[in-house]
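Topology and contacts: notes
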Amino acid sequence: MSSTGAEQHPSTALIIGASRGLGHAMAAEFLDRGWNVVGTVRDTTARTPLHDLADHADGRISIEHLDINDPGQLPPLHERLAHRRLDVLFVNAGTTNNEQTPVGSVATADFIDVMVTNALSPMRAIEALEDLVSPAGLIGAMSSGQGSIANNTTGGREVYRGSKAALNMFLRSFAARQSETQRAFVLMAPGWIRTALGGPDAPFTIEETVPLLVDILLSRLGTPGLAYLDRFGRTVPW
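Model, not experiment: these values are computed from the prediction.

In terms of residue burial, strand β2 (residues 36–41) counts as a mostly covered element, since six of its six residues are buried. Burial of β2 is two-sided: the residues Asn 36, Val 38 and Thr 40 facing one way and the residues Val 37, Gly 39 and Val 41 facing the other way are all buried. Inspection of the sheet shows strand β1 (residues 12–16) paired to β2 by four bridges, in the parallel sense. The residue bridging Ala 13 from the neighbouring strand is Val 37, located in β2. Remark: the β1/helix α2 (residues 21–32)/β2 crossover connection has right-handed handedness. Relative to strand β3 (residues 61–65), β2 is paired through five bridges, and the arrangement is parallel.

With that out of the way, let us pick up the packing of aromatic side chains. For the coordinates displayed, the defined rule picks out three aromatic pairs. Consider the rings of Tyr 228 and Trp 238, whose centres lie 5.1 Å apart with planes at 40°: the pair is tilted. Of the two residues, Tyr 228 is situated in strand β7 (residues 225–230) and Trp 238 in the segment after β7; the sequence distance between them amounts to ten residues. A relative accessible area of 34% means that Trp 238 is categorised as partly exposed. The ring of Tyr 160 has Arg 157 sitting right over it, with the charged end atom 4.5 Å from the ring centre. In this arrangement the basic side chain of Arg 172 is found over the ring face of Trp 238, its NZ or CZ atom lying 4.6 Å from the centre.

The subject of this paragraph is the packing of α2 against helix α7 (residues 206–220). Running from N to C, α2 and α7 point in directions that differ by 60°, and their axes come no closer than 9 Å. The orientation of α2 with respect to α7, classified from their angle, is oblique. In terms of crossing hand, the pair formed by α2 and α7 is right-handed. Residue-level contacts link Gly 21, Leu 22, Ala 25, Met 26, Glu 29 and Phe 30 of α2 to Ile 206, Val 210, Pro 211, Val 214, Leu 217 and Leu 218 of α7. Of the residues assigned to the contact of α2 with α7, the class counts are ten nonpolar, one polar and one charged.

Let us now look at the pattern of salt bridges. For side chains bearing opposite charge, pairing can occur when the charged atoms are close. A complete count under the given rule lists nine salt bridges for this structure. The partner of Asp 215 in a salt bridge is Arg 33, with the nearest N and O atoms 2.7 Å apart. You can see Asp 215 sitting in helix α7 and its partner Arg 33 sitting in the loop between α2 and β2, a full 182 residues away along the chain. The class for Asp 215 is partly exposed, based on a relative accessible area of 37%. The shortest N-O distance in the salt bridge between Arg 85 and Asp 87 comes to 2.8 Å. The network of salt bridges with shared partners includes Glu 29, Arg 33 and Asp 215.

Each value, and the rule that gives it
- Once a new chain begins, its residue numbering starts again from 1 and follows that chain's sequence as written.
- Side-chain atom pairs in this predicted model are given and counted only at pLDDT of 80 or more, local residue features only at pLDDT of at least 70, and totals for whole chains, interfaces and linings cover all residues.
- To get the side-chain values, take all heavy atoms of the structure and skip hydrogens and water.
- Each residue is placed in one exposure class: buried if its accessible area under a 1.4 Å probe, protein chains only, is under 20% of its type's maximum, exposed if it is over 50%, and partly exposed if it falls in between.
- Per the convention used, a helix needs a DSSP run of H or I reaching at least four residues, while a strand needs a run of E reaching at least two, with both numbered from the N terminus.
- Paired strands are those between which DSSP finds at least two bridges.
- By convention a crossover is right-handed if, when the strands point away from the viewer, the path from the first strand over the helix to the second runs clockwise.
- Working definition: a ring pair exists when centres of Phe, Tyr or Trp rings (six-membered ring for Trp) sit within 6.5 Å. Plane angles under 30 degrees give stacked, over 60 give edge-to-face, the rest tilted.
- Should the NZ of a Lys or the CZ of an Arg lie within 6 Å of a ring centre and within 35 degrees of the ring normal, that charge is described as sitting over the ring.
- Axis geometry follows a simple rule: fit a line to the C-alpha atoms, using only the stretch in contact for helices, then measure angles between N-to-C directions, giving values from 0 to 180 degrees.
- Convention used here: angles under 35 degrees read as roughly parallel, angles over 145 as roughly antiparallel, angles from 65 to 115 as roughly perpendicular, and any remaining angle as oblique.
- Handedness of a crossing is defined here by the sense of rotation of the near helix relative to the far one, left-handed for an anticlockwise turn of less than a right angle and right-handed for a clockwise turn.
- By definition in these notes, contact holds between two residues if any of their heavy atoms fall within 4.5 Å.
- Residues are sorted three ways: Asp, Glu, Lys and Arg are charged, Ala, Val, Leu, Ile, Met, Phe, Trp, Tyr, Cys and Pro are nonpolar, and all the rest, Gly among them, are polar.
- Put simply, a salt bridge is a Lys or Arg side-chain nitrogen that is within 4 Å of an Asp or Glu carboxyl oxygen.

Below is the structure:
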């Protein structure tokens, strides 16, 4: 077997929120492409599809514990990963409330839960772990086309929309603070996918979506600056 540098030192992706759904599928896709993967799970006791994937990954998947809404868990995670060089840090976190409830009728606790999970917690994770990412690496987060203010012509899912718009603004601010770096920053709008969050009526499957998402992320490596992109690499209006 050849002993090229790439084979000796394969690229590494950290996927936050990789236990199941889109995050798990992204981990599997990166693995299929020869990458090493660090994936986080929230529950320390439950077995997840990520554990099943790791069982057959020849040591190329590491599983870490992180409840993204507990900022106290970020420094220990950073310490455990301090010896790793990350080429991609991608935060896949999301929740929603009753999508039919207009924002003026949403319970305060529900509003806080969605905004913290979808906007504040992903940025806390990025801020806490960004120094582990290669200077020419990529930092990204799972946004949504529903985070586009310009494209909102129907209303509905108002708190979810607002949380993703907030995430977009926060990552845009973060990228602006790093405008002199060579890093790529990506907000992904994957479309309506059949997941626990997307529901059974969504038109797109995980299997047809995730390879496109990973294609987009890999295509952005080496391209400094922030992009808000859909599953086909098209720019989504802010």
